[in-house]
Amino acid sequence: MSAFHDAAEDLQAEGDDSAEITAPAWAVFGDLMAGLVGAFVLVFIGVLLSQIDLVNNLQSEIAKRQQEEARRMALEKALAVPLASGRVTLNNGRIGISGSVLFDLSSDQLRPEGEQLLKALVPPLQVYLGERDEMLMVSGFTDNVPVPRNNGQFQDNLELSAQRALTVTRTLVREGMPRARVFSAAFGAEQPVASNADEKGRALNRRVEMAPVPRASAAVTGKP
């Protein structure tokens, strides 16, 4: 009987030792699974947030393009008559007028045809700008042929383009465009739209462009 009791005690001791070994193993396994689940949740949240950002960016880009398309269509509608006549072009929101329509070579004096065209552009542009509270940037461009040294008026193409832009700006104001709605810029032979290797390309580069641009906020300018 004593021997049987001793054997039972030995088996119980071995069982206790086995339980002690098994219990930590299960605890480690549980910790490992909890860590894996936590990592999976973090990865899932990261993917979800990135997808949300992607959707938001896509929606923002779509809204921006829709706004640009609406803006382009409104400008086309405002300039329907001069566009139909072929006297002006519209590209990416920039209204282009050939230099030969407005000026003679190396001159900043408006031709009668150019003056009439600018006069016709003022009413639709004034409405368009007023509805959107925007300004009009008038930019002058030339080809890369140097201004004749004996012209006695312009030092270089940059000065010629500046004076042409200023002439157009002053004409627009004289014809009714609010002075606060228009300003001038000059680029000379920079930013050509065609090759200057032949006369056809140079004629395209001699141009004046008008582009509606956002108006500085009243908070910045201090003006209403």
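The structure displayed is predicted, hence computed values, not measured ones.

K.L.:
Which parts of the structure should I look at to understand the pairing of strand S2 (residues 94–98)?
P.N.:
Both faces of the sheet carry side chains from a regular strand, because those side chains alternate between them. Where strand S1 (residues 88–91) and S2 come together, four bridges link them in antiparallel fashion. If you follow valine 88 over to S2, its bridge partner there is isoleucine 97. When S2 meets strand S5 (residues 207–214), the two strands line up antiparallel, connected through four bridges. Directly across from glycine 96, in S5, lies its bridge partner glutamate 209.

K.L.:
Looking at this structure, how should I read the pattern of salt bridges?
P.N.:
Once the charged atoms of two side chains with opposite charge are near each other, the side chains can pair. For the structure on display, the rule yields 11 salt bridges. Note that glutamate 209 is salt-bridged to arginine 94, the shortest N-O span being 3.3 Å. In this pair, glutamate 209 sits in strand S5 while arginine 94 sits in strand S2, placing the two residues 115 residues apart along the sequence. Taking the relative accessible area as the measure of exposure, glutamate 209 reaches 11% and is therefore buried. A relative accessible area of 35% places arginine 94 in the partly exposed class. Arginine 207 is the partner of glutamate 209 in a salt bridge, and the nearest nitrogen-oxygen pair spans 2.9 Å. By the burial criterion, glutamate 209 is buried, and arginine 207 matches it. In the salt-bridge network here, residues are joined through shared partners; they are Asp143, Glu199, Arg202 and Arg206.

K.L.:
How do you make sense of the packing of helix H4 (residues 112–132) against helix H5 (residues 157–174) when you look at a structure like this?
P.N.:
A packed helix pair is summarised by two numbers, namely the angle formed by the two axes and the spacing between the axes. In contact at an axis separation of 9 Å, H4 and H5 are set at 55° when each is read in the N-to-C sense. As far as their axial angle goes, H5 and H4 are oblique. As for the relative orientation of H4 and H5, their crossing is right-handed in sense. Of the residues in H5, those touching H4 at Glu115, Leu118 and Val122 are Val168, Thr171, Leu172 and Arg174. For the contact of H4 with H5, the residue count by class is four nonpolar, one polar and two charged.

Cut-offs used in this document
- Residues numbered from 1 in each chain as written.
- Predicted model: local features only at pLDDT ≥ 70, side-chain atom pairs only at ≥ 80, totals over all residues.
- Heavy atoms only, no water.
- Pairing = 2+ DSSP bridges.
- Helix = DSSP H or I, 4+ residues; strand = E, 2+ residues; numbered from the N terminus.
- Salt bridge = Lys/Arg side-chain N within 4 Å of Asp/Glu carboxyl O.
- Buried < 20%, exposed > 50% of the residue type's maximum accessible area, 1.4 Å probe, protein only.
- Axes fitted to C-alpha atoms, helices over the stretch in contact; angles between N-to-C directions.
- Parallel < 35°, antiparallel > 145°, perpendicular 65-115°, else oblique.
- Left-handed = near helix turned anticlockwise from the far one by under 90°.
- Contact = heavy atoms within 4.5 Å.
- Nonpolar A, V, L, I, M, F, W, Y, C, P; charged D, E, K, R; others polar.

The values are spatial; any link to function lies outside them.
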